[in-house]
Amino acid sequence: MPASQTHQHLIAGTSRDASDGALFDKFEPSSGALLAKVAAGTARDVDAAVSAARAQFDGGEWSRMPGAARGRLLHRLADLLERDAERFVELLAREQGRPVMEMRMLDLPMSIDTLRYFAGWADKLEGRQIPTGGFMGRPTLNYTVRSPLGVAALIIPWNAPLMIACWKLAPALAAGCTVVLKPSEDAPLAVGALARLTLEAGFPPGVVNLVHGMGPAVGAALVDHPGVDKVSFTGSTSVGRQIAQAAGPQFKRLTLELGGKAPQILLEDAVLEQAIGGLVMGLFVDQGQTCAAGSRILVHRRHYEDVVGALADAARSLKVGDPFDPGTQMGALISARHADRVRSHIDTALTEGAKMVAGSEALPAGGYFVRPTIFADVRPSMRIARDEVFGPVGAVIPFDTDDEAVALANDTAYGLSASLWTQNVAKAHQIAGRLRVGAVAVNGWSPLDARLPWGGFKDSGVGRDLSRSALDGYLEEKVVTVVM
Ligand code: NAD
């Protein structure tokens, strides 16, 4: 397949330019050079993609395909992704600027595993038989049927594009939905290549469609389109709020995976040597550009100075640079605009009086690099302790009691994830129960796994990706009552 095709839309199994021929530029984060020109989709392109998905859902080959066959296709897609893993690692490193090491360890294995996990569910969409007292003196047989919701719009962010596309694509296809993928304009290439692999795997044309382009043009047109039954979105809380407002009046089903400001809590009895590596990973993986980034590090006062020193040392020692160098531990941020946004968070923290203990060292030239940065003397009211930075910046805050730690952890609009470091098992369970978040990791950082639900409380979103819960998000439940 020519590389340029991945820059076109995929509609009804064919690669197409935008209806008006428009293109947008995608730059390579680690060098700032032009990487690709990509189709800038229009509302007409969205309409064509939704029509193709509708036709397959309403009466195409897909609508008659048994679950076991859908599962076989998903396994075949996983096989192809395994075969092409290095091609995807390269595409992701080029378009995201992230180190190849991370892609090999996390994104590719997790994407493949997610496809296989949901492949296994495709022929297990069972209903229930429910006994009742009958109807007007006559016995009844009551059973439920679970059927696919219809056409799903899958709107993907740039920070882990392949992995998050698989998180949404796999349960949607296992459930029997058809889809229109909308990749982020900042990371369109790997998702474009994944969509093409579905054709090679044997999915009928029109089951998986893809429209490239800008959020306000393509994403918003998908959310508004009457032919779309479900929107699954991962991205910022502000765009998630706009989508909820637009989709609400049409009663579209919604899954929204939004922002975070995750606390990493280190209790008095934690073993520092074990915890520091986990705190560093939780903070800096993907250059801190993850919704689960543990950017608020809450530390018992007894350990405060030691933890600040250890985190500062770790931040200073990280090798920042070329994503293709196997020794690189931190790459570039996604775009010049985003790197500027992260630097402005750093400036605000300094203005508000936080103390930078790591972050002023030199950076590689060119590219959108930001130095791993640690702030001490952070007060909970400061912006650096409250706003989602989505970059390699941590704020370390002391506490004196467990109750204070829980109060600080919950003192945020977000509620995606948290980590907790302690040797006391009973305390770990108690505190995990009090944290208002969708995922708590004890003595580790949010281990992502296809079998575990992923999603947030509060402003971190609605619904769940991954696990059986995600599957339910692509199914309707119907009850049939037979009066006998
Ligand atoms: P973003 O909200 O800017 O964009 C996400 C996607 O939405 C992109 O494809 C974009 O084109 C599209 N979009 C933009 N405006 C739109 C509109 N009006 N209507 C419909 N679609 C629109 O987010 P981003 O910058 O790509 O990603 C970063 C954000 O994603 C962070 O806030 C992060 O926390 C969040 N995120 C959350 C999770 C999670 O699982 N909770 C995972 C990854 C990222």
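Rules of the game
Residues numbered from 1 in each chain as written. Predicted model: local features only at pLDDT ≥ 70, side-chain atom pairs only at ≥ 80, totals over all residues. Heavy atoms only, no water. Helix = DSSP H or I, 4+ residues; strand = E, 2+ residues; numbered from the N terminus. Rg over C-alpha atoms; globule rule 2.2 N^0.38 Å. Contact = heavy atoms within 4.5 Å. 1 Å grid on protein atoms, 1.4 Å probe; cavity = no way out; pocket = protein on both sides within 12 Å on 5 of 7 lines; lining within 4 Å. Points joined across faces, edges and corners; volume = space filled by probe spheres on them. Nonpolar A, V, L, I, M, F, W, Y, C, P; charged D, E, K, R; others polar. Buried < 20%, exposed > 50% of the residue type's maximum accessible area, 1.4 Å probe, protein only. Pairing = 2+ DSSP bridges. Near = heavy atom within 4 Å. Polar contact = N/O pair within 3.5 Å; in protein donor to acceptor, adjacent residues only side chain to side chain. Areas by Shrake-Rupley, 256 points an atom, 1.4 Å probe, with all protein chains shown as cover.

**So, the overall build of the chain**
For step 1, the next point in the chain: Check the secondary structure of the chain and you find 15 helices and 19 strands.
For step 2, the next point in the chain: For the chain, whose C-alpha radius of gyration is 23 Å, the value lies close to the compact-globule estimate of 23 Å for 484 residues.
For step 3, the next point in the chain: Expressed along its principal axes, the backbone C-alpha trace of the chain runs to roughly 70 × 60 × 40 Å.
For step 4, the next point in the chain: Considering only contacts within the chain whose residues lie at least 6 apart along the sequence, 73% involve residues at least 24 apart.

**Some thoughts on empty space enclosed by the protein**
For step 1, the next point in the chain: Summed over the entire model, instances satisfying the criterion amount to four cavities of 30 Å³ or more.
For step 2, the next point in the chain: Of the volumes computed, that of the largest cavity is approximately 180 Å³.
For step 3, the next point in the chain: Lining of the largest cavity is provided by 17 residues; of these, N159, A160, M163, T290 and L448 occupy positions nearest its centre.
For step 4, the next point in the chain: If you list the elements that add at least two residues to the lining of the largest cavity, you get α4 (100–121) and α5 (161–175).
For step 5, the next point in the chain: Looking at side-chain class alone, the lining of the largest cavity contains eleven nonpolar, two polar and four charged residues.

**Let's talk about the pairing of strand β9 (residues 230–234)**
For step 1, the next point in the chain: In terms of burial, β9 is largely enclosed, as five of its five residues are buried.
For step 2, the next point in the chain: A two-sided burial pattern is seen for β9, the buried positions comprising K230, S232 and T234 on one face and V231 and F233 on the other.
For step 3, the next point in the chain: Where strand β6 (residues 151–155) lies against β9, four bridges are found, and the strand directions are parallel. Looking at the pairing, I155 lines up with F233 of β9.
For step 4, the next point in the chain: In this sheet, strand β10 (residues 253–257) lies alongside β9 in parallel orientation, the contact comprising five bridges. Within the sheet, the bridge partner assigned to V231 lies in β10 and is L254.

**Describing unusual backbone geometry**
For step 1, the next point in the chain: One non-glycine residue, F390, lies in the positive phi region at around 60°.
For step 2, the next point in the chain: On the secondary structure map, F390 appears in the loop between α12 (383–386) and β15 (393–399).
For step 3, the next point in the chain: Residue F390 is classed as buried on the basis of its relative accessible area of 18%.
For step 4, the next point in the chain: For L466, which is not a glycine, the phi torsion comes out positive at approximately 65°.
For step 5, the next point in the chain: L466 gets classed as buried once you look at its relative accessible area, which sits at 0%.

**Brief notes about the pairing of strand β3 (residues 23–27)**
For step 1, the next point in the chain: Burial of β3 is one-sided: the residues F24 and K26 facing one way are buried, the residues L23, D25 and F27 facing the other way are not.
For step 2, the next point in the chain: Joining the antiparallel neighbours β3 and strand β4 (residues 34–39) is a turn of six residues, in which G32 adopts a positive phi near 80°.

**Section: the layout of surface pockets**
For step 1, the next point in the chain: Taken as a whole, the largest pocket spans an internal volume of roughly 950 Å³.
For step 2, the next point in the chain: Taken together, 38 residues make up the lining of the largest pocket; nearest its centre are W158, F233, G235, S236 and V239.
For step 3, the next point in the chain: Where the lining of the largest pocket is concerned, the elements lending two or more residues are α7 (215–224), β9, α8 (237–247) and α11 (336–351).
For step 4, the next point in the chain: Classifying every residue of the lining of the largest pocket by side-chain character gives 17 nonpolar, 13 polar and eight charged.
For step 5, the next point in the chain: By volume, the second largest pocket is sized at about 480 Å³.
For step 6, the next point in the chain: What lines the second largest pocket is a set of 19 residues, among which E102, M105, L106, M281 and V285 lie closest to the centre.
For step 7, the next point in the chain: Of all the elements in the fold, those that place two or more residues in the lining of the second largest pocket are α4 and α9 (272–284).

**A few points about the environment of P398**
For step 1, the next point in the chain: Checked against the element boundaries, P398 lands in strand β15.
For step 2, the next point in the chain: Taking relative accessible area as the criterion, P398 reaches 18% and is therefore assigned buried.
For step 3, the next point in the chain: Put simply, P398 and M484 are 86 residues apart on the chain and 67 Å apart in space, counted from C-alpha to C-alpha.
For step 4, the next point in the chain: Not counting chain neighbours up to four residues away, the residues in contact with P398 comprise V299, R301, Y304, V378, E404 and L408.

**Considerations on the site of the ligand**
For step 1, the next point in the chain: Taken together, 28 residues surround the ligand, and among them K182, E185, S236, L258 and E388 come closest.
For step 2, the next point in the chain: Between the ligand and W454, the relevant distance is 3.0 Å, taken from an oxygen atom to a side-chain nitrogen or oxygen of the residue.
For step 3, the next point in the chain: When the free accessible area of the ligand is taken as 860 Å², the share hidden by the protein chains comes to 91%.
For step 4, the next point in the chain: Contributions of two or more residues to the shell around the ligand are made by α7, β9 and α8.
For step 5, the next point in the chain: Considering only residue class, the shell around the ligand consists of 15 nonpolar, nine polar and four charged.

Any functional reading would require information beyond the geometric quantities listed.
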